[in-house]
Amino acid sequence: MTGRLIVFEGGEGSGKSTQAARIAADRNALLTRQPGGTEVGASIRELLLSTNTVGLSARAEALLMAADRAQHVEELIAPTLQSGRDVVCDRYFGSSIAYQGAGRGLGAEAVLPLSLFAVDGVLPDLVVLLDVPADIGLARSVGDVDRFEAQDLAFHETVRASFLEQADANATWVVVDATGSLEQVATAVDAALGSLS
Ligand code: TYD
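What you see is a predicted model, and the numbers here were worked out from it, not measured in a lab. (Residues numbered from 1 in each chain as written. Predicted model: local features only at pLDDT ≥ 70, side-chain atom pairs only at ≥ 80, totals over all residues. Heavy atoms only, no water.)

Colleague: Even after reading the chapter, I still don't get the overall build of the chain, so can you show me in this structure?
Modeller: The secondary structure content of the chain amounts to 8 helices and 5 strands. Each helix and strand of the chain, placed in order from N terminus to C terminus, yields the pattern β-α-β-α-α-β-α-α-β-α-α-β-α. Since a compact globule built from 197 residues should have a radius of gyration of about 16 Å, the 16 Å found for the chain is in line with a globular shape. Here the C-alpha coordinates of the chain stretch approximately 45 × 35 × 30 Å along the principal axes. (Helix = DSSP H or I, 4+ residues; strand = E, 2+ residues; numbered from the N terminus. Rg over C-alpha atoms; globule rule 2.2 N^0.38 Å.)

Colleague: What exactly am I supposed to notice about the site of the ligand here?
Modeller: Neighbouring the ligand are 16 residues, the closest being E12, K16, R91, S96 and Q100. Contacts to the ligand include R45, whose side-chain N or O atom sits 2.8 Å from an oxygen atom. Between R91 and the ligand, the recorded distance is 2.6 Å, taken from a side-chain N or O atom to an oxygen atom. Notes on the ligand: free accessible area 540 Å², of which the protein chains cover 91%. Breaking the shell around the ligand down by element, the ones donating at least two residues are α1 (16–27), α2 (39–49), α3 (58–82) and α4 (93–103). Take the shell around the ligand: its biggest share by element is 4 residues, from α4. For the shell around the ligand, the residue count by class is 5 nonpolar, 5 polar and 6 charged. (Near = heavy atom within 4 Å. Polar contact = N/O pair within 3.5 Å; in protein donor to acceptor, adjacent residues only side chain to side chain. Areas by Shrake-Rupley, 256 points an atom, 1.4 Å probe, with all protein chains shown as cover. Nonpolar A, V, L, I, M, F, W, Y, C, P; charged D, E, K, R; others polar.)

Colleague: Explain the packing of α2 against α3 here, please?
Modeller: Each pair of packed helices can be summarised by the angle the axes make with each other and by the distance between the axes. Across the interface, α2 lies against α3 with an axial gap of 9 Å and an inter-helix angle of 160°. Considering the angle they form, α2 stands roughly antiparallel to α3. Here the hand of the crossing between α2 and α3 comes out left-handed. Only E61, L64, M65, A67, D68 and Q71 of α3 make contact with α2, whose side of the interface consists of V40, G41, I44, L47 and L48. Split by residue class, the contact of α2 with α3 holds 7 nonpolar, 2 polar and 2 charged. (Axes fitted to C-alpha atoms, helices over the stretch in contact; angles between N-to-C directions. Parallel < 35°, antiparallel > 145°, perpendicular 65-115°, else oblique. Left-handed = near helix turned anticlockwise from the far one by under 90°. Contact = heavy atoms within 4.5 Å.)

Colleague: Help me understand the sheet that holds strand β2 (residues 30–33) in this model?
Modeller: Across a sheet, paired strands are connected by hydrogen bonds in the backbone, their directions being either parallel or antiparallel. The 5 strands are arranged β2-β3-β1-β4-β5 in an open sheet whose pairing can be described as parallel. This sheet does not close on itself; its edge strands, each paired only once, are β2 and β5 (173–177). Going from strand to strand, the sheet's axes swing by 20° on average, the running direction of each strand aside. Note: strand β1 (residues 5–10) against strand β3 (residues 87–90), 4 bridges, orientation parallel. Within the sheet, the bridge partner assigned to V7 lies in β3 and is C89. (Pairing = 2+ DSSP bridges.)

Colleague: Sorry if this is basic, but what is going on with the nonpolar core here?
Modeller: As a rule of thumb, nonpolar side chains are buried together in soluble globular proteins. Within the largest apolar cluster, 31 residues are counted, with the highest numbers of intra-cluster contacts made by L5, V73, I77, Y92, Y99, V122 and F163. Elements supplying a minimum of two residues to this core: β1, α2, α3, β3, α4, α5 (108–119), β4 (126–131) and α7 (153–169). For this core, the leading source of residues is α3, giving 6 residues. Non-local contacts of I77, meaning those with residues more than four positions away in its chain, are made with L5, Q34, H72, V87, C89, Y92 and V122. Among the nonpolar cores identified, the runner-up in size contains 18 residues, and A20, I23, V128 and L130 belong to it. (Core = buried A, V, L, I, M, F, W, Y, C linked by side-chain atoms within 4.5 Å. Buried < 20%, exposed > 50% of the residue type's maximum accessible area, 1.4 Å probe, protein only.)

Colleague: Hey, could you run me through α2 in this one?
Modeller: Because an α-helix packs 3.6 residues into every turn, residues spaced three or four apart end up facing the same way. Of all the residues in α2, the buried ones are G41, I44, L48 and L49. Down the axis of α2, the buried set is contained in an arc of 115°. They therefore lie on one face. Exposed residues on α2 whose side chains face more than 90 degrees from its buried face are E39, S43 and E46. For α2, the secondary structure elements touched by its buried residues are α3. (Arc of directions from axis to C-beta.)

Colleague: I keep staring at the packing of aromatic side chains and nothing clicks. Help me out?
Modeller: Given two aromatic rings, their pairing is described by the distance between the two centres and the angle made by the two planes. Following the criterion strictly, the structure yields 5 aromatic pairs and no others. Summarising the aromatic geometry, the rings of Y92 and F93 are spaced 5.5 Å apart at their centres and angled 35° between planes, so their arrangement reads as tilted. Summarising the burial analysis for this pair, Y92 and F93 share the class buried. One aromatic cluster is present, formed by Y99, F148, F155, F163 and W173 through successive ring pairs. In this arrangement the basic side chain of R147 is found over the ring face of F148, its NZ or CZ atom lying 5.1 Å from the centre. (Phe/Tyr/Trp six-rings, centres within 6.5 Å; stacked < 30°, edge-to-face > 60°. Lys NZ or Arg CZ within 6 Å of the ring centre and 35° of its normal.)

In structure tokens form, the structure reads like this:
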């Protein structure tokens, strides 16, 4: 049997990385992330997130996200699933639809085909969306601000709306209210995972 692909999505400061790590440990799954889950991806991530990257076009940004995704799926995700092990991925192509499609205004219809090409048929079994109002999420971010966190509140509100729309339209998505305590969020995430075990 192939492993399951469990994806965590959400805006800045939604706490998805914490939940992804917890669930991966619980299931002895491979924990990985986009962008940046491979050596090639780490270079792409640096370019995409660095505030020294100035003037990157929205289309180039979308293609770099897709390139990272293609490398990640072929090198790491697909072989791991084929070996029977679950994969927990912090962000997948829902983030491209939200950030590049909605946030940058390229449109989901332009961005989705790039991601479908990149993932070559490897679709999530479950997407857990950790939903938090953009202003609350941004206020939680500490330390250096990256190129996406540096976008204005309206950008992040557009991203959030896209995530919620995607969740509405796709039966594989579950929305978890991420405004609660760590324990409350963990309980809701566990319930969402229940359908998979
Ligand atoms: P991430 O490492 O999850 O950052 P954080 O934990 O601070 O939220 O993601 C890096 C950034 O990349 C994040 O701001 C969202 C952005 N991103 C996109 O714009 N498109 C994508 O397809 C992906 C995967 C991420």
